[in-house]
Amino acid sequence: MTDRTGREVFLRGVWEENPVLVQILGLCPTLAVTNSVENAIAMALATAFVIVGSSALVSLVKDYIPSQVRMSAYILIIATFVTVVDLIMGAVAPAMSKALGAFVPLIVVNCMILGRAEAFASKNRLLPSILDAVGTAAGFSIALLLMGGVRELLGSGTFLGLQVMPHNWEPWVIMILPPGGFLTLGAILMGMSWWWQRGEKKDEAVKPRRWPHGVRAPEERRPEMVA
Amino acid sequence: MSARGRKGPPGAIGSQPSSLLLVGTLGVLSVVAGIAIVLVHGWAQPRIEAHQAAELRQAIEEVLGEPQRYETRWVVDGKLLDSLPAGVDSSAARPVYAGFAADGHMVGYAVPGQKPGYQDVVKLIFGYDPSTRKVLGMKVLESKETPGLGAKITSDSAFIHGFDGALAPIDGVKHPAQDPHQVDMITGATISSTTVITIINRSLEAVGPALGGAHGGEGP
Amino acid sequence: MGDLTRIFVSAALINNFVLAYFVGLCPFFGVSKKVPTALRMGGAVTFVMVLTASAVSFLNAWVLPVAPYLRLISYIVVIASLVQIVEMVVKKTSPALFRALGIYLPLITTNCAILYLALFQYARGYGFFEGLAFALGAGAGFTLALVLMASIRQRSETASVPAIAREMGLAMIIAASLSMAFMGFAGLLSAGA
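Each value, and the rule that gives it
- Residues numbered from 1 in each chain as written.
- Chains lettered and ligands numbered in written order.
- Predicted model: local features only at pLDDT ≥ 70, side-chain atom pairs only at ≥ 80, totals over all residues.
- Heavy atoms only, no water.
- Core = buried A, V, L, I, M, F, W, Y, C linked by side-chain atoms within 4.5 Å.
- Buried < 20%, exposed > 50% of the residue type's maximum accessible area, 1.4 Å probe, protein only.
- Helix = DSSP H or I, 4+ residues; strand = E, 2+ residues; numbered from the N terminus.
- Contact = heavy atoms within 4.5 Å.
- Phe/Tyr/Trp six-rings, centres within 6.5 Å; stacked < 30°, edge-to-face > 60°.
- Buried area = accessible area lost by both parts, 1.4 Å probe.
- Salt bridge = Lys/Arg side-chain N within 4 Å of Asp/Glu carboxyl O.
- Axes fitted to C-alpha atoms, helices over the stretch in contact; angles between N-to-C directions.
- Parallel < 35°, antiparallel > 145°, perpendicular 65-115°, else oblique.
- Left-handed = near helix turned anticlockwise from the far one by under 90°.
- Nonpolar A, V, L, I, M, F, W, Y, C, P; charged D, E, K, R; others polar.

## Remarks on the nonpolar core
Piece 1. Ranked by internal contacts, the top residues of the largest apolar core, which has 126 residues, are F182 of chain A together with F17, L25, F28, F29 and L115 of chain C.
Piece 2. Here the element with the most residues in this core is helix α4 (residues 70-92) of chain A; it accounts for 12 residues.
Piece 3. With sequence-adjacent residues up to four places away left out, F28 of chain C is seen in contact with V18, L19, A145, L146, M149, R153, A175 and L178 of chain C.

Take a look at the structure:
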């Protein structure tokens, strides 16, 4: 994968291997904090900071970390970045920090981030690793914004707090409640499979789940991957 | 490309590094991480605390009608104390905030309280004047009630201002309130409204006698 | 005792981790294809949750007042170590159980439900027994959601479903209906109060 161009590395994370819409990773924040566009943006920014920072750092220190302890080391690096984001957010944007609540610290266990560190940053030089992380973060942000946009528009009739829907619009409250999260993501995923299956009739209807380069599907994962 | 786990970084292939190296690497990383966190914490913590204090002050000002200053008091075992006595667990004591007007006379107490609502715990703070037994104001601090229904307890100004000047103990009613003990509940949010009223009544049962004034603990 | 029951019921039904708080979704979608595996996963998660809750109440009482900024890192380390220890103990004492749980145990480390439990326990100021009730409730709720999901998915396996809804699409819709059904539990604790 090192022979790919920077553009390819970046775009892969955005679309082809979009962390949420294709790889179905990082579902918890995708569903939990997308009841408004504002929350979605804040979460996307916080996650982007952590993923770019930790990928860059992992790529820099990869040669000095023995492979036996690399998982623990990566988690330590990620947890540090998350703690930093959590503190900065609490200091700079207290309302935002309150709205996202425990989901900021939970960025630590977003498998997407550990996945990029292990599958890409630990095997690539700094620049491609940053590109890969930025691409993944962009893909994650797109998914979050899509979810947040749909849910806020239908559930509150607003976009970023501004009234968009006509006045006599009765908000679909269910959309900003938990079931609405599942419904919206379900609809988006069905749209995605329609897109992938469109015109490729020769393809089997059921596409095997796409895993990023270097990541084994969970059913083949062995216990040794634990930190 | 499914070499995950086996193909480690260069330098680790083929040789089994000593455990000292493993522990050392993690140790160095932990120290660096610790220093980074402590530095950011040192910068951020005062700001976070300032935000929290500002939030509390604003809530107290809202429910006590802009007092000039306030002092924290504690109710422990039915007694009002100026400071938390040593050895008393802060969970066994309830804080109340005494608000003072510019001329130094006490306006009333801001009393925080909480209870499970329709969905999750509702936290609120209300102002209370023990001499007249009147509630001065109410503000919901935290709730996850249903948007559009129960969540109105934080936004419905008619409901919120219904508490201004209401006599404790409060009784929630569905028709226009007639007596000073009565407060109109929100249509479609009966449980959330009752939760707010119950929090106020129970808090007053718990701390009311300690705050002085003419009081009993009788329920609504 | 009323408080403990309240915490248990709230965590298990009203504020179900998976269906209301959206944590632990990876195993919820990943290992909910067969009821027996769902049950085992639920059991393993509940067990680790109870251990975590006890460890966290210890940390909260003794270690973190000294160094509050290490909260997140210490929770992660504790959870990862607990999972590792449980894995080793189970491997030594019961190879059969180890084979049954084998692949699930390590996945629990990156299960956000456990970390959420730890963070929530702190945020709510739960002590040891409250933490225990909370962990048991959260675990029971997680297991219930997982088993319900698995039994519906097992049935829908043979159903004729539009191609675009196979796999995740359908799973999301099932989850949405479950989540809606669980909304009916809201008010359970406040109605009589």
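Once the structure has been displayed, the description carries forward.
## Remarks on the environment of V9 of chain A
Piece 1. On the secondary structure map, V9 of chain A appears in helix α1 (residues 6-16).
Piece 2. Through-space distance from the C-alpha of V9 of chain A to that of R116 of chain A is 12 Å; in sequence the pair is 107 residues apart.

## A closer look at the packing of aromatic side chains
All names here are of chain C.
Piece 1. Following the criterion strictly, the structure yields 19 aromatic pairs over all chains and no others.
Piece 2. Consider the rings of Y21 and F120, whose centres lie 5.6 Å apart with planes at 45 degrees: the pair is tilted. Of this pair, Y21 sits in the loop between α1 (2-14) and α2 (25-30) while F120 sits in helix α7 (residues 112-123), and the two are 99 residues apart along the sequence.
Piece 3. Judged by relative accessible area, which is 8%, Y21 ranks as buried.
Piece 4. Summarising the aromatic geometry, the rings of F128 and F129 are spaced 5.2 Å apart at their centres and angled 80 degrees between planes, so their arrangement reads as edge-to-face.
Piece 5. Judged by relative accessible area, which is 40%, F128 ranks as partly exposed.
Piece 6. Given the relative accessible area of 58%, F129 is considered exposed.

## Quick word on the interface of chain C and chain A
Much of the literature gives interface size as the accessible area that the parts lose upon coming together.
Piece 1. Contacts between the two partners involve 41 residues from chain C and, on the opposite side, 39 residues from chain A.
Piece 2. Here chain C packs against chain A, burying approximately 3600 Å² in sum over the two surfaces, 84% of which is carbon and sulfur.
Piece 3. Together, F22, I164 and M172 of chain C form the three largest contributors to the area buried by chain C at its contact with chain A, with a combined 19%.
Piece 4. Summed over the shared surface of chain C and chain A, the number is zero salt bridges.

## With respect to the packing of helix α3 (residues 37-61) of chain A against helix α6 (residues 111-119) of chain A
All names here are of chain A.
Piece 1. At a minimum axis distance of 9 Å, the contact between α3 and α6 shows a crossing angle of 20 degrees. Judged by the angle between their axes, α3 and α6 are roughly parallel. Considering the relative orientation of α3 and α6, their crossing is right-handed. Packed against α3, whose contacting residues are T47, V50, I51, S54, S55 and V58, the element α6 presents M112, I113, R116 and A117 at the interface.
Piece 2. The residue makeup of the contact of α3 with α6, split by class, is six nonpolar, three polar and one charged.

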